[in-house]
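# A closer look at the structure
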Amino acid sequence: MLSPAAWATKTRLEISEVATADGSVAVIPVGSIEQHGHHLPVATDTFLADAVSHHGAERVIDDFPILVTPPVWTGYSPHHMSLGGTLTVELTDLLDVLTHLAESAIEHGFDAICFVNGHGGNASLVDNTVSVIGKEHSEVEVTGVTYFSLAASFIDNIRESELGGMAHGGEFETSLMLHLYPELVKEDAPAEYLEDPYDHGGKDLVEGGPLSSYRPFEDFSDSGAIGDPSLASAEKGEEIMSRLGDELETIFQQIHDEAK
Ligand SMILES: [Zn+2]
C-alpha cells in the first residue's frame, strides 16, 4: 500500500530521519497466504493487516514519527494446507523472521515496535515474539496486537450475524474486503456455520470462547470459509475500518508516549 507512512516508499535517509526521532514507532503488519473459501483471495489476512496498519498510522503521522513496513505475508497455517492455495512456514521460522525484522528496525534507531497481526493462527506466536524481543531490548517498547480482537468493543453495533458468522471469511472479513478490494470478492458465498462440539470453543474471529482445539480445516467447512459472508457489505466494512482506526490511533499514540 502506498501511504504517507509506507516504509517501502522512503529512501534510507528519510527512514533514518524518522527512526532517530524521539519516540519513533515501527509498525510491522503480519498476515498469511491462506485459503479463504471460494469468495476471498488467499492474501486476505495480509491485505487487511496492511490496510488497518496504514489506516491507523495515517491518523497520527503528523503528530509523531511512525512508519509501516511492508507486510509479512508468511503465516502459520498448517490447518489450511489440505484445501490448497495456502503457503505456510513453521512456527519457529515465523518467530525468527519477526524477531529479525524488529531487530533491524531497532538497529536503525526505532524506539518502539508494534506488530499488527491479521491471522488467528499467528496470534499466540506474535504475543510470544513480543516477549522474546522485549526481553533482549529492554530500551525499546515492544508491542503486538491481533487487529480483529480490537473490534470486540464495538462489533455488536454493526454485526447482523449470530455468533460464528464472523469467523474465517465470514461477515467481518468479507465486509472489509468489499470496502477495500471489491474487485477481489466473488459474489454469492453461502453461510457456513461451524459445528463446534465445545461450548467454550472459539467460534468467531471477534467473540467466542477461549478453548483451543486442532482439526484440519476441511473437517470444519466444505467451502473453506466459516461464517456468513452473505451478510457482508462495503458499508459495514467502511464502518469497521473506521472504528479499527480509532482503536489503533489510540494504541499508536500510547506506544509513542511510552517510547519517548
Ligand atoms: Zn482471514
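The coordinates are above.
Small disclaimer: the values here were computed from a predicted structure and weren't measured.

What follows deals with the overall build of the protein. Counting secondary structure elements, the protein contains six helices and four strands. Counted from the first residue to the last, the protein has its helices and strands arranged as α-β-α-β-α-β-α-β-α-α. Taken over the C-alpha trace, the protein has a radius of gyration of 18 Å; the compact-globule value for 260 residues is 18 Å, and the two agree within 12%. Principal-axis analysis of the C-alpha atoms gives the protein an extent of 50 × 35 × 30 Å. In the protein, which comprises 260 residues, the share counted as buried stands at 51%. Carbon and sulfur atoms form 50% of the exposed surface of the protein, whose accessible area is close to 11,800 Å². Positive and negative side-chain charges of the protein, numbering 11 and 45 respectively, have mean locations separated by a distance of 2 Å.

The topology assignment puts Lys135 in helix α4 (residues 123-136). Counting along the chain gives 91 residues from Lys135 to Ile226, while the straight-line C-alpha distance between them is 37 Å.

Pairing is possible between side chains of opposite charge, provided their charged atoms come close. Taken as a whole, this structure holds nine salt bridges when the rule is applied. Among the ionic pairs, Lys260 bridges to Asp257, the shortest N-O distance being 3.7 Å. A relative accessible area of 36% means that Asp257 is categorised as partly exposed. Through salt bridges with shared partners, a single network forms among Arg59, Asp246 and Glu249.

This next bit is on helix α5 (residues 171-180). Where burial is concerned, most of α5 is hidden: seven out of the ten residues are buried. Where α5 is concerned, the buried positions are Glu171, Phe172, Glu173, Thr174, Ser175, Leu176 and Met177. Along its buried surface, α5 packs onto α2 (44-60) and α6 (234-259).

Bringing the environment of Gly245 into the picture now. Here Gly245 is to be found in helix α6. Expressed as a C-alpha distance, the spacing of Gly245 and His54, which sit 191 residues apart in the sequence, is 8.9 Å.

Donor atoms from the polypeptide that coordinate the zinc ion comprise His36 (NE2), Asp45 (OD), Glu173 (OE) and Glu173 (OE), at 1.9 to 2.7 Å from the metal. One can describe the donor arrangement at the zinc ion as irregular, given that its four donor atoms subtend angles of 52 to 138 degrees at the metal. Of note, the donors binding the zinc ion are all from one chain and are spaced H-x8-D-x127-E. With His36 in the loop between β1 (25-30) and α2 and Glu173 in helix α5, this pair connects stretches of sequence that are 137 residues apart. Grouping residues by exposure puts His36 and Glu173 together as buried.

Among the nonpolar cores identified, the biggest contains 37 residues, and Tyr147, Ile155, Phe172, Leu244 and Phe252 are the most heavily contacted of them. Taken together, the elements giving at least two residues each to this core come down to β1, α2, β2 (66-68), β3 (112-117), α5 and α6. With seven residues, the single largest contributor to this core is α6. Non-local contacts of Leu244, meaning those with residues more than four positions away in its chain, are made with Val52, Tyr147, Leu150, Ala151, Phe154, Phe172 and Leu176. The next biggest cluster of nonpolar side chains, apart from the first, holds 23 residues, and it includes Val30, Val72, Val130 and Ile133.

With that settled, the discussion passes to the packing of α2 against α5. Interaxial distance between α2 and α5 falls to 11 Å at its minimum, and their mutual angle equals 70 degrees. Relative to α5, the element α2 lies roughly perpendicular. Two packed elements cross with a definite hand, and for α2 against α5 that hand is left-handed. Touching Thr44, Asp45, Phe47, Leu48 and Ala51 of α2 are Glu173, Leu176, Met177 and Leu180, all from α5. Broken down by class, the residue content of the contact of α2 with α5 amounts to six nonpolar, one polar and two charged.

Okay, the side chain of Ser175 next. Here Ser175 shows up in helix α5. Excluding anything up to four places from it in sequence, Ser175 contacts Ala232, Ser233, Ala234, Lys236, Gly237 and Ile240.

Cut-offs and rules
Residues numbered from 1 in each chain as written. Predicted model: local features only at pLDDT ≥ 70, side-chain atom pairs only at ≥ 80, totals over all residues. Heavy atoms only, no water. Helix = DSSP H or I, 4+ residues; strand = E, 2+ residues; numbered from the N terminus. Rg over C-alpha atoms; globule rule 2.2 N^0.38 Å. Buried < 20%, exposed > 50% of the residue type's maximum accessible area, 1.4 Å probe, protein only. Areas by Shrake-Rupley, 256 points an atom, 1.4 Å probe, with all protein chains shown as cover. Lys, Arg positive; Asp, Glu negative; His and termini not counted. Charge placed at Lys NZ, Arg CZ, Asp CG, Glu CD. Salt bridge = Lys/Arg side-chain N within 4 Å of Asp/Glu carboxyl O. Contact = heavy atoms within 4.5 Å. Donors = N, O, S within 2.8 Å, 3.2 Å for Na, K, Ca; no water. Tetrahedral: all angles 85-135°; square planar, octahedral: opposite > 155°, others 65-115°. Core = buried A, V, L, I, M, F, W, Y, C linked by side-chain atoms within 4.5 Å. Axes fitted to C-alpha atoms, helices over the stretch in contact; angles between N-to-C directions. Parallel < 35°, antiparallel > 145°, perpendicular 65-115°, else oblique. Left-handed = near helix turned anticlockwise from the far one by under 90°. Nonpolar A, V, L, I, M, F, W, Y, C, P; charged D, E, K, R; others polar.

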